[in-house]
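Commentary on secondary and tertiary structure
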Amino acid sequence: MSEPISQVFQHCPRCGQRSETVGRNPFRCAGCDYTHFFGPCAAVGGIICDRDGQVLFLRRQRDPGKGKLGIPGGFVDAGESAEQALKREALEEVNLRVLRVTYLASFPNQYAFRGVILPVTDIFFECEVESFDSIAAEESEVASWHFCHPNESTLSEMAFESNRLAVEEFLRRRSV
């Protein structure tokens with residue numbers, strides 16, 4: 001069972017004192033007055049289409065969502081822009097060089113991993129890649145990849161609700 005990060009965070013990272021505010025946001029230390037806000041971290045996702053307008057989907061190799069569908073993406077590292085993170089993640093996960101990104105939408109996400117639930121803001125982009133000639137799955141993260149025109153069956157297999165919402169938003173904009 002997973003718990004929100006505010007429940008897991010029980011000791012002050014500055015002085016080590018156990019907090020009396022466990023489960024509250026913000027965390028406040030009575031010992032040294034350190035305050036910590038449990039705001040979301042940032043993650044990115046990219047909608048990448050082939051020449052026929054089919055979307056690239058990845059089958060996840062690990063939890064959360066092992067065996068379910070996702071799109072290229074991941075967490076934004078410290079000192080990195082969302083666009084830089086997406087380019088790095090696409091290269092790491094499927095060996096694709098992203099040339100251009102266009103903002104699509106953002107959605108909240110709850111990322112449950114190893115018993116802790118992190119609040120995340122997922123930022124989605126439409127991407128243009130250099131070429132698909134080098135596409136290859138990074139085996140520790142991606143079990144497989146495929147292109148398809150998304151339908152209800154595809155969307156029901158998504159690992160994260162935020163990814164499904166992004167693909168739906170992409171399809172809505174394409175149909176207008």
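Structure shown above.
Residues numbered from 1 in each chain as written. Predicted model: local features only at pLDDT ≥ 70, side-chain atom pairs only at ≥ 80, totals over all residues. Heavy atoms only, no water.

**Regarding the environment of glutamate 139**
- Along the chain, glutamate 139 turns up in the loop between strand 9 (116-129) and strand 10 (142-148).
- Along the chain, glutamate 139 and valine 101 lie 38 residues apart, while their C-alpha atoms are 25 Å from each other. (Helix = DSSP H or I, 4+ residues; strand = E, 2+ residues; numbered from the N terminus.)

**Here's the deal with the pairing of strand 4 (residues 41-48)**
- Within strand 4, 6 of the 8 residues are buried, which leaves the element mostly enclosed by the surrounding structure.
- In terms of strand pairing, strand 4 meets strand 7 (residues 73-75) through 3 bridges, oriented antiparallel. Residue pairing for strand 7: valine 44 is matched across the bridge by glycine 74. (Buried < 20%, exposed > 50% of the residue type's maximum accessible area, 1.4 Å probe, protein only. Pairing = 2+ DSSP bridges.)

**Considering the pattern of salt bridges**
- Counted under the stated rule, the structure contains 11 salt bridges.
- Residues glutamate 161 and arginine 164 are paired through a salt bridge, measuring 2.1 Å at the closest nitrogen-oxygen approach. In this pair, glutamate 161 and arginine 164 both sit in helix 4 (residues 161-175), 3 residues apart, roughly one turn of the helix.
- Linking arginine 164 and glutamate 168 is a salt bridge whose minimum nitrogen-to-oxygen distance equals 2.4 Å. Here the residue arginine 164 and the residue glutamate 168 both occupy positions in helix 4, the gap between them amounting to 4 residues, near one helical turn.
- Salt bridges here are not isolated pairs; linked through shared partners, they connect Asp77, Glu80, Arg88, Glu89 and Glu92. (Salt bridge = Lys/Arg side-chain N within 4 Å of Asp/Glu carboxyl O.)

Keep in mind these values describe shape, not function.
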